[in-house]
Amino acid sequence: MSLVAELSDKRLRYRVAHRKNIMDRFSDVQGSQRTIDRKYFSQLWESYTWAAIIGFINNKRVPLGTGGIDNAFKFSVIYNNGGELADALILLALAESDKGYKSLIDPDEIIRVIEEYANGGFEIIQSKLREDDSYFNNPDAFIEELLEREEIEI
């Protein structure tokens, strides 16, 4: 079985508080009432991926811990809807894994790394919202948050 096939069945976990405060706030949730306010993301996986990328860019890796953890979608949702983003998350996770090349045969390790960086990204987003609750009211702020980061040293 290929790595992508093994990853596809894995569910991505997140803290319940991040779902309520960030994912639901900025994503249209299937089956929810449409409001006048436009949501920046059309699906939950997009806000999750955005948080993960922010976590990776800022090198903020935070374990999920225990309690208050949930999941709403499998990795296959990201792969089927945003293939290049899924590939990028896999490559970033492989690069940041403590197991190095051995993580190629451990899909649970890759998922754990993605989850930890997403959690770190959610914490960064939450801190921005604590400073200014309207920070992301402008659609450009979502992109600017990614672009304003310091250059990553290689």
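These lines cover the structure that appears in this document, whether it is placed above or below.

What counts as what
Residues numbered from 1 in each chain as written. Predicted model: local features only at pLDDT ≥ 70, side-chain atom pairs only at ≥ 80, totals over all residues. Heavy atoms only, no water. Helix = DSSP H or I, 4+ residues; strand = E, 2+ residues; numbered from the N terminus. Buried < 20%, exposed > 50% of the residue type's maximum accessible area, 1.4 Å probe, protein only. Contact = heavy atoms within 4.5 Å. Areas by Shrake-Rupley, 256 points an atom, 1.4 Å probe, with all protein chains shown as cover. Salt bridge = Lys/Arg side-chain N within 4 Å of Asp/Glu carboxyl O. Pairing = 2+ DSSP bridges. Expected span 1.5 Å × (residues − 1). Axes fitted to C-alpha atoms, helices over the stretch in contact; angles between N-to-C directions. Left-handed = near helix turned anticlockwise from the far one by under 90°. Nonpolar A, V, L, I, M, F, W, Y, C, P; charged D, E, K, R; others polar. Core = buried A, V, L, I, M, F, W, Y, C linked by side-chain atoms within 4.5 Å.

1. As for the overall build of the chain
Step number 1: Counting its regular elements, the chain contains seven helices and two strands.
Step number 2: From first element to last, N terminus to C terminus, the chain shows the α and β order α-β-α-α-β-α-α-α-α.
Step number 3: For the chain, the residues scored as buried account for 39% of the 154 residues in total.
Step number 4: Within the chain, counting contacts between residues at least 6 apart in sequence, those at least 24 apart form 74% of the total.
Step number 5: With an accessible surface of roughly 9,000 Å², the chain has 48% of that area assigned to carbon and sulfur atoms.

2. Comments concerning unusual backbone geometry
Step number 1: Although it is not a glycine, Asn-59 adopts a positive phi angle of roughly 50°.
Step number 2: Considering the arrangement of structural elements, one finds Asn-59 in the loop between helix 3 (44-57) and strand 2 (69-74).

3. Here's the deal with the pattern of salt bridges
Step number 1: For the coordinates displayed, the defined rule picks out ten salt bridges.
Step number 2: The shortest N-O distance in the salt bridge between Lys-60 and Glu-123 comes to 3.7 Å. Note that Lys-60 is positioned in the loop between helix 3 and strand 2 and Glu-123 in helix 6 (residues 107-131), a separation of 63 residues in sequence.
Step number 3: Residue class for Glu-123 comes out partly exposed when judged on its relative accessible area of 30%.
Step number 4: Two residues, Glu-116 and Arg-61, come together in a salt bridge whose shortest N-O distance is 2.6 Å. Residue Glu-116 is found in helix 6, and its partner Arg-61 is found in the loop between helix 3 and strand 2; the two are separated by 55 residues along the sequence.

4. Details of the pairing of strand 1 (residues 11-15)
Step number 1: Burial along strand 1 is one-sided: the face carrying Leu-12 and Tyr-14 is buried and the face carrying Arg-11, Arg-13 and Arg-15 is not.
Step number 2: Judged from the four bridges that link them, strand 1 and strand 2 form a sheet pairing that is antiparallel. Paired with Arg-13 across the strands is Asn-71, a residue of strand 2.

5. Focus: helix 3
Step number 1: Over its 14 residues, helix 3 extends 20 Å from the first C-alpha to the last, a length consistent with the 20 Å expected when each residue adds 1.5 Å.
Step number 2: Within helix 3, eleven of the 14 residues are buried, leaving the element largely enclosed by the surrounding structure.
Step number 3: Looking at helix 3, one finds that the buried residues are Leu-44, Trp-45, Ser-47, Tyr-48, Thr-49, Trp-50, Ala-51, Ala-52, Ile-54, Gly-55 and Phe-56.
Step number 4: Immediately downstream of helix 3, the backbone of Asn-59 shows phi near 50°, a positive value.

6. Examining the packing of helix 3 against helix 5 (residues 83-96)
Step number 1: Packing of helix 3 against helix 5 leaves a shortest axis separation of 11 Å and a crossing angle of 35°. Two packed elements cross with a definite hand, and for helix 3 against helix 5 that hand is left-handed. Facing Trp-45, Thr-49, Ala-52, Ile-53 and Phe-56 of helix 3, the residues of helix 5 in contact are Leu-85, Leu-89, Leu-92, Ala-93 and Glu-96.
Step number 2: Taken together, the residues of the contact of helix 3 with helix 5 break down into eight nonpolar, one polar and one charged.

7. Focus on the nonpolar core
Step number 1: Ranked by size, the top nonpolar core spans 35 residues in total, and within it Tyr-48, Phe-75 and Ile-78 carry the most contacts.
Step number 2: Taken together, the elements giving at least two residues each to this core come down to helix 1 (3-8), strand 1, helix 2 (16-26), helix 3, helix 4 (75-81), helix 5 and helix 6.
Step number 3: It is helix 6 that contributes the most residues to this core, ten residues altogether.
Step number 4: Excluding its chain neighbours within four sequence positions, the residues that come into contact with Phe-75 are Leu-7, Ser-8, Lys-10, Leu-12, Ala-86, Ile-90, Ile-111 and Ile-114.

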